[in-house]
Amino acid sequence: MKQFLAILYKETLLISRDRAGLALLFVMPVMFLLIMSVAQDSVYKSVTELGMPVILVDNDQDSLGYYVNLGLNQTDFCKLSTTINGKKPTVKEAHEAIARGDFMFGVIIPKNATASIRKSVENLVSQTIGIDSNSQSGNIDKVEVEIIYDPTTQKSMVTTVSSTLREFISNLKAKIIFETFTGEIKQFIPSTNSKINLAETDVIRFSEEFANNSESKILPNSVQHNVPAWTIFGIFFIVVPLAGSIIKEKQEGSSIRLKTLPGPYVLNHLGKMVVYFAVTIIQFVLMMSLAKLLLPLIDLPMLQFGGEIPAVIVIAIGLSLAATGFGMFVGTICTTYQQAAIGGSLTILILAALGGIWVPLHIMPEYMQIVSKVSPLNWGLEAFYTIFLRGQGFPLIWPYVISLFGFFILTITMTIIIVKLRRS
């Protein structure tokens, strides 16, 4: 027992003197977390709270312009303006303002747009009920609503705005159709006094919410997404200092002297694993504490665990064991510190990219989503998302936890086999 405690003390002393390694383990993931959370939170706020700046040029001055103006003002994602510097802009001025980046979108309603829609509907109704057999669909005027957008705008936002505008125009067209049919019916039934107002009636209503089993109804935000991702990334970077420590013992001959000491040599590896495992747990606690206490002070959302603290702890243990086991494996197969540092870092970066740390999985090609399943970082990320975002618990995280523990057992087993083969 004294030998094991001496090994723990030795490893603690060595890692405390490695300032560069400690900075890599603690400062880097914290900086990534802060930068990415602040950057993405600004995007969330610009869309949901502040709204995307939109300039509307209404040359119609009739129902269509009114409905578009009213609809865009009522949407949460738009901050609508109808003037530039206090004046109604021309189409050219709107283009120039968007090109300067003053607005993300511009909507141009052409002159006589409502009249053209009303005329096309009247022709359609006349053809349908056979009042005017001379009306032809080829004479229907086309209304072109122009949408101008900043080239830096994401395609998804363009789709959102264009879909919203189509909805407004469809509602207006439906209203005009009902009004026109009402007028024509009254010609056949003059005694009809009731007004048909179906266009004002909401037959179908939509209710939107996130699927979540948590009673607190956790809402997705930049913190809920980034804290798990960069915590996992930081934990797995334990590979670099851990592998470097093993390589250093080989190069300095310390490993040979340790083998001459009484007691099994495996205690040295076990002591090293315990110390670095403890470091990863400290990393985890630091990142979670930062997300709970510090981030709200800089106007970011507070991390919510979803009421499954024991499940979060189990995931943290699985991740720490997987990262420590991988570090032991890298340190065993590498022969120089450069190999361990470069190879270990590149491997973690590749696994992070595959696992959805850098790029969300849902935007990857299907074959990449399949390949991502081999990354232990993906197992940890999906487990955290299951709790932090989906509000689920132990029943759904067990496959990921078992995979992490299995990865730890696999890497340690391979490390032992390689050590025995090199001795023989």
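It should be noted that the structure appears before, not after, this text.
Residues numbered from 1 in each chain as written. Predicted model: local features only at pLDDT ≥ 70, side-chain atom pairs only at ≥ 80, totals over all residues. Heavy atoms only, no water.

## A look at helix α3 (residues 63-74)
(1) Moving on: Given a rise of 1.5 Å per residue, 12 residues ought to cover 16 Å, and the 16 Å separating the end C-alpha atoms of α3 matches this to within 8%.
(2) Moving on: Where α3 is concerned, the buried positions are S63, L64, G65, V68, G71 and L72. (Helix = DSSP H or I, 4+ residues; strand = E, 2+ residues; numbered from the N terminus. Expected span 1.5 Å × (residues − 1). Buried < 20%, exposed > 50% of the residue type's maximum accessible area, 1.4 Å probe, protein only.)

## Points about a nonpolar patch on the surface
(1) Moving on: On the surface, a cluster of nonpolar side chains totalling about 650 Å² of accessible area is made up of I342, L346, L349, I350, W358, V359 and I363.
(2) Moving on: Residue placement: W358 occurs in the loop between α12 (337-355) and α13 (366-371). (Patch = residues over 30% accessible without salt bridge, like charges linked within 9 Å, V, L, I, M, F, W, Y side chains within 5 Å. Areas by Shrake-Rupley, 256 points an atom, 1.4 Å probe, with all protein chains shown as cover. Salt bridge = Lys/Arg side-chain N within 4 Å of Asp/Glu carboxyl O.)

## Details of the pattern of salt bridges
As a working rule, side chains carrying opposite charge can pair if their charged atoms are close by.
(1) Moving on: Under the defined criterion, the tally for this structure stands at one salt bridge.
(2) Moving on: As a salt-bridge pair, D102 and R100 come within 2.9 Å of each other at their nearest N and O atoms.
(3) Moving on: Owing to a relative accessible area of 55%, R100 belongs among the exposed residues under this scheme.

## Some thoughts on the environment of T12
(1) Moving on: Structurally, the position occupied by T12 is in helix α1 (residues 2-17).
(2) Moving on: By relative accessible area, T12 is classed as partly exposed at 41%.
(3) Moving on: Sequence separation between T12 and K272 is 260 residues, and the spatial gap between their C-alpha atoms is 8.6 Å.

## Considerations on the side chain of T415
(1) Moving on: Along the chain, the position of T415 falls in helix α15 (residues 394-423).
(2) Moving on: Taking the relative accessible area as the measure of exposure, T415 reaches 6% and is therefore buried.

## A closer look at the packing of aromatic side chains
(1) Moving on: Across all of its chains, the model carries 13 aromatic pairs by this definition.
(2) Moving on: Taking 5.4 Å as the distance between ring centres and 20° as the angle between the ring planes, the aromatic pair formed by F384 and F388 counts as stacked. Of the two residues, F384 and F388 are both situated in helix α14 (residues 376-388); the distance of four residues between them amounts to about one turn of the helix.
(3) Moving on: Ring centres of F394 and W398 lie 5.4 Å apart, and the angle between their planes is 25°; on these two criteria the pair is classed as stacked. Here W398 and F394 lie together in helix α15, a separation of four residues that amounts to about one turn.
(4) Moving on: Among the aromatic residues, those joined into a cluster by ring pairs are F32, W230, F233, F237 and W358. (Phe/Tyr/Trp six-rings, centres within 6.5 Å; stacked < 30°, edge-to-face > 60°.)

## Looking at unusual backbone geometry
(1) Moving on: For N85, which is not glycine, the phi dihedral falls at a positive 55°.
(2) Moving on: With respect to the helices and strands, the residue N85 is situated in the loop between β2 (78-81) and α4 (91-99).
(3) Moving on: The phi torsion at N112 lies on the positive side, around 60°, for a residue other than glycine.
(4) Moving on: Mapped onto the fold, N112 is located in the loop between β3 (105-109) and α5 (113-129).
(5) Moving on: For N112, a relative accessible area of 45% gives the class partly exposed.

## Quick look at the sheet that holds strand β4 (residues 146-149)
(1) Moving on: Spatially, the four strands line up as an open sheet ordered β2-β1-β3-β4, and their pairing is mixed. Here the strands that pair on one side only, and so sit at the sheet edges, are β2 and β4. Ignoring which end each strand starts from, the neighbouring axes of this sheet average 25° apart.
(2) Moving on: Note: β3 against β4, four bridges, orientation antiparallel. Paired with I108 across the bridge in β4 is E146.
(3) Moving on: α4 rests against β1 (52-58), β3 and β4 of the sheet, and its axis sits at about 30° to β4. (Pairing = 2+ DSSP bridges. Axes fitted to C-alpha atoms, helices over the stretch in contact; angles between N-to-C directions. Contact = heavy atoms within 4.5 Å.)

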